[in-house]
Number of protein chains: 4
Amino acid sequence: MNRSSTPPAPRVVPLTPRGQRTRGKLLRAAETLFGEKGYEHASIADITREAEVALGTFYVYFPDKQSIFVEVVDDLGARLRRLIAEAVAGCEDRMAVEREGLRTFFQFASQQRHLYRIVRQAEFVDEACYRRYYDRFARGYVSGLKRAMDAGEVNRLDPEALAYCLMGMGDFLGMRWVLWESDAGLEHVLDTAMAFIRHGLDARPAEAPTGNKKKGSRTPRGSRSKT
Amino acid sequence: MNRSSTPPAPRVVPLTPRGQRTRGKLLRAAETLFGEKGYEHASIADITREAEVALGTFYVYFPDKQSIFVEVVDDLGARLRRLIAEAVAGCEDRMAVEREGLRTFFQFASQQRHLYRIVRQAEFVDEACYRRYYDRFARGYVSGLKRAMDAGEVNRLDPEALAYCLMGMGDFLGMRWVLWESDAGLEHVLDTAMAFIRHGLDARPAEAPTGNKKKGSRTPRGSRSKT
Amino acid sequence: MNRSSTPPAPRVVPLTPRGQRTRGKLLRAAETLFGEKGYEHASIADITREAEVALGTFYVYFPDKQSIFVEVVDDLGARLRRLIAEAVAGCEDRMAVEREGLRTFFQFASQQRHLYRIVRQAEFVDEACYRRYYDRFARGYVSGLKRAMDAGEVNRLDPEALAYCLMGMGDFLGMRWVLWESDAGLEHVLDTAMAFIRHGLDARPAEAPTGNKKKGSRTPRGSRSKT
Amino acid sequence: MNRSSTPPAPRVVPLTPRGQRTRGKLLRAAETLFGEKGYEHASIADITREAEVALGTFYVYFPDKQSIFVEVVDDLGARLRRLIAEAVAGCEDRMAVEREGLRTFFQFASQQRHLYRIVRQAEFVDEACYRRYYDRFARGYVSGLKRAMDAGEVNRLDPEALAYCLMGMGDFLGMRWVLWESDAGLEHVLDTAMAFIRHGLDARPAEAPTGNKKKGSRTPRGSRSKT
DNA sequence: AATGAATGAGACTTCATTCAT
DNA sequence: CATGAATGAAGTCTCATTCAT
């Protein structure tokens, strides 16, 4: 189980337009079914039935079940990243980027409610594909954060760690308020998240419990170097 | 065909000490195997082999595979929560609680490397159990955060949203630096996380790009009310 | 499957009254469960659960599942035969015996709705027991019919063949109007059956279609139109 | 766990001639094995072995064991009804129909010695199928009897009740003299049955116990003595 | 390019029976 | 007498994959 390898996949690129169409139908059907029933419980027969092609046709386009799954996950990630990139294109500062990114992610998850089920399954089907999914998002965060740090716009901290912090937040908030609670109170949660991203818990240093709550006393900006 | 009356109803609590021991062996074996191979690929036969009992013995104690899985997940969550509770018992302020909590979680995940695989599978095996797992952690966060807010120790924001932010961060950092990278650079990541939790990205308001980086200008403490 | 032997069964006769009670509970539970779920689907565990004794206790009183089943069937037959014998004891002629016998059988089948299920299963569990069940009834019919024939009360025909005719009729009528239709219209069916038993279809000989009804003496055609 | 959509839906009607052949082989094998070992003891593996196909092939054509059983029973009933219909086609009167029908049934039961085992099992496998089996025969009886009654050929009684009387007789006689005793004395039994059908027990009314047992009154006793 | 019949390993689950206590 | 834990063979059903057409 769980072959962690993923060699670039000798994708059978069909030549005829008819083949292209069939292949596309299979991919769409697979996405639907992996989302509905999970990888293990979605059978090839389910997929071909949904795609309205014969069982054997599957193996004309994909060498095995794992391959189509990996392609579905990769596609899903690519689509989401493209959407986010477009959404944040016009943002003026990092906070706006964060907010738009989050909002776009929530929207996507809300429309493609199977997103979570599919991505999470990847961990058990093809670990490389799973890591790749998050790595690619992280890369986007890292470059964006670095730019913002260089611009003195945000605190200078390890950008990759921050990337995983931000992804984790988004992931869990989406799980809780999009997937589980179907968007109720989502805007308020977004505000909370933005406040948190902007200032964290804004806690006073524990080592100075003298009560002097004056803002001035707060950790001086410069101290954050370290990274 | 005619199935009207009582379901088999396996012994949930064994009556004899011998039974208790066997049941425990099965639970431990199941945890190991669900962690190693995942729910779908760990067979009952695998579990009984690992537990060194006969195949049929499984069904003396559990009605089916799902049941033992749910019990494993609930146990795992309970153990982790107890560990964390003990670890943060002596902490003086919220930041210390966060740091100790995170550290304890990373430690646990590092020792029980199957933690992630098991909990993530829960989503596909028994969704209620999966939600329960996070809900219980969230509840702990919420009560702790409320207390800290009341003490004026941290920013007042929606505590449940914060709970999911903090859990998501911990979860993703652990996945990246404990699970994937085996603890390398973990301390540094912990520091970053703590800095983020304390001050977020510490971003200047976008609407005041005047460049005056003096601390004083930062969002005044009181403003955070909102929630 | 279906061992057709049935050596007199070395019935374990328990000595203590307590044992008697336990054995009786098991027999009653077995009858209930064989009736409800059928022989194959009623497990020993079901039976002991119903009897409120431990699983192992079963094997104190019965060597195996088949044995208790055979005893249940034999008991059931004996009870029914005793009831019928009592019911027809006061009957003055054979027709009255037939009517009372049928009525008693229908009553019993209506109260012990599992009767059919149990007896029919016997064919597949222990054929000897199955045949014995009908043979014993047949013996009663045969001796009664012979007596009636000797008394010139009924037509002289092969009594064993008649016995199976009469049993078959009773069995099928009971199946149709007691088991399937729960006693609705049962009295009317009983009347029809009695008319059939008394005169059959009352058909004219085919070989004399000349219309000359000289036997005319016989029960006039129109007279019994009840239906 | 997540089982929401389409059930597998096996090919009920195979699309290719090859499939037709395989399906037929399975049906024939199933009939043989259900007859030999009974429903519960005939395994799918037994059936596919007999049919000389792989185990999995079974599930290409039937969703489960019960389905093929029901089809076997329905087929068996249809074949028998067709045979009887053909056999009685040329009969001139109702008595001839009864005799030919019985004879044909005995012949069929003698050749297909598994008939009883299969039909009786149906009660436990699929009750609807069991009832259907007898209902369809009953329907034939009913329409035939009605016609004969209208023609003044036989006594007018409730035809459905008569149908079950006649079926029960045939069934039990066949069980006793075809199944258990393998046709010995069958002709004689047929004669007895016909005499019974024609005149029943030919009993004098009980309400006329005047003691005058002289034949003189009703149908002359001696006339039909054959036994 | 497309089809669908065929395969068989392997999964989960049941249950009559044994046995130590 | 009574208990209940333990056993393992056997059964039903699933499904990824192959292959002849």
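Computed from a predicted model, the values in this text were never measured in an experiment.

**Some words on the packing of helix α4 (residues 65-88) of chain B against helix α7 (residues 127-150) of chain B**
Residues and elements named next belong to chain B.
Then comes step 1: For the pair α4 and α7, the least separation of the axes is 10 Å and the interaxial angle reads 10 degrees. Overall, the two elements α4 and α7 adopt an arrangement that is roughly parallel. Facing Val70, Val73, Asp74, Gly77, Leu80, Arg81 and Ile84 of α4, the residues of α7 in contact are Cys129, Arg132, Tyr133, Arg136 and Phe137.
Then comes step 2: Looking at the contact of α4 with α7 residue by residue, the classes come out as seven nonpolar, one polar and four charged.

**Points about the UniProt feature "domain: HTH tetR-type" (unreviewed entry) in chain A**
Then comes step 1: Listed under "domain: HTH tetR-type" (unreviewed entry) in the UniProt record, and renumbered for this structure, are residues 20-80 of chain A.
Then comes step 2: As annotated, residues 20-80 of chain A has a helix share of 82% and a strand share of 0%, and its two end C-alpha atoms lie 22 Å apart.

**A closer look at the nonpolar core**
Then comes step 1: The biggest cluster of nonpolar side chains holds 146 residues, and the ones touching the most others in it are Tyr134(C), Tyr164(C), Tyr134(D) and Tyr164(D).
Then comes step 2: Sequence-distant contacts of Tyr164(D), that is, excluding residues within four places in its chain, are made with Phe172(C), Leu173(C), Met175(C), Arg176(C), Trp177(C), Trp180(C), Tyr134(D), Asp135(D) and Ala138(D).
Then comes step 3: Ranked by size, the runner-up nonpolar core spans 142 residues in total, among them Val97(A), Tyr164(A), Ile197(A) and Ala29(B).

**Focus on the domain arrangement of chain A**
All names here are of chain A.
Then comes step 1: With domains assigned, chain A is organised as domain 1 (15-62) and domain 2 (65-200).
Then comes step 2: Each of domain 1 and domain 2 was reduced to a C-alpha centroid, and the two centroids are 28 Å apart.
Then comes step 3: With 16 residues of domain 1 in contact, the opposing surface of domain 2 contributes 15 residues.
Then comes step 4: Across the interface of domain 1 and domain 2, roughly 1,400 Å² is buried in total on both sides, 64% from carbon and sulfur atoms.
Then comes step 5: Among the residues domain 1 hides against domain 2, the three largest losses belong to Glu31, Phe34 and Tyr39. Together they make up 48% of the total.
Then comes step 6: Between Arg79 and Glu31 there is a salt bridge, with its nearest N and O atoms 3.0 Å apart.

**Section: a positive patch on the surface**
Then comes step 1: Together, Arg18(A), Arg21(A), Lys25(A) and Arg28(A) line one region of the surface with positive charge.
Then comes step 2: Within the secondary structure, Arg28(A) sits in helix α1 (residues 17-41).

**Points about the packing of aromatic side chains**
Then comes step 1: This structure, assessed with the given rule, holds 58 aromatic pairs over all chains.
Then comes step 2: Aromatic pair Phe34(A) and Phe69(A): ring centres 5.2 Å apart, planes at 80 degrees, arrangement edge-to-face. Taken together, the positions of Phe34(A) in helix α1 and Phe69(A) in helix α4 (residues 65-88) put the pair 35 residues apart, joining distant regions of the chain. For the pair shown, Phe34(A) and Phe69(A) are each scored as buried.
Then comes step 3: Through a chain of ring-to-ring contacts, three or more aromatic side chains come together here, namely Tyr130(A), Tyr133(A), Tyr134(A), Phe137(A), Tyr164(A), Phe172(B), Trp177(B) and Trp180(B).
Then comes step 4: Lying across the ring of Tyr39(C), Lys65(C) places its NZ or CZ 4.5 Å from the centre.

**Overview of helix α6 (residues 115-125) of chain D**
Then comes step 1: The element α6(D) is largely enclosed, with a buried count of eleven among its eleven residues.
Then comes step 2: Restricting attention to buried positions, one finds in α6(D) the residues Leu115(D), Tyr116(D), Arg117(D), Ile118(D), Val119(D), Arg120(D), Gln121(D), Ala122(D), Glu123(D), Phe124(D) and Val125(D).

Rules used in this analysis
- Residues numbered from 1 in each chain as written.
- Chains lettered and ligands numbered in written order.
- Predicted model: local features only at pLDDT ≥ 70, side-chain atom pairs only at ≥ 80, totals over all residues.
- Heavy atoms only, no water.
- Axes fitted to C-alpha atoms, helices over the stretch in contact; angles between N-to-C directions.
- Helix = DSSP H or I, 4+ residues; strand = E, 2+ residues; numbered from the N terminus.
- Parallel < 35°, antiparallel > 145°, perpendicular 65-115°, else oblique.
- Contact = heavy atoms within 4.5 Å.
- Nonpolar A, V, L, I, M, F, W, Y, C, P; charged D, E, K, R; others polar.
- UniProt positions renumbered as here; feature names shortened; annotations may be inferred.
- Core = buried A, V, L, I, M, F, W, Y, C linked by side-chain atoms within 4.5 Å.
- Buried < 20%, exposed > 50% of the residue type's maximum accessible area, 1.4 Å probe, protein only.
- Domains from an automatic or database assignment.
- Buried area = accessible area lost by both parts, 1.4 Å probe.
- Salt bridge = Lys/Arg side-chain N within 4 Å of Asp/Glu carboxyl O.
- Patch = residues over 30% accessible without salt bridge, like charges linked within 9 Å, V, L, I, M, F, W, Y side chains within 5 Å.
- Areas by Shrake-Rupley, 256 points an atom, 1.4 Å probe, with all protein chains shown as cover.
- Lys, Arg positive; Asp, Glu negative; His and termini not counted.
- Charge placed at Lys NZ, Arg CZ, Asp CG, Glu CD.
- Phe/Tyr/Trp six-rings, centres within 6.5 Å; stacked < 30°, edge-to-face > 60°.
- Lys NZ or Arg CZ within 6 Å of the ring centre and 35° of its normal.

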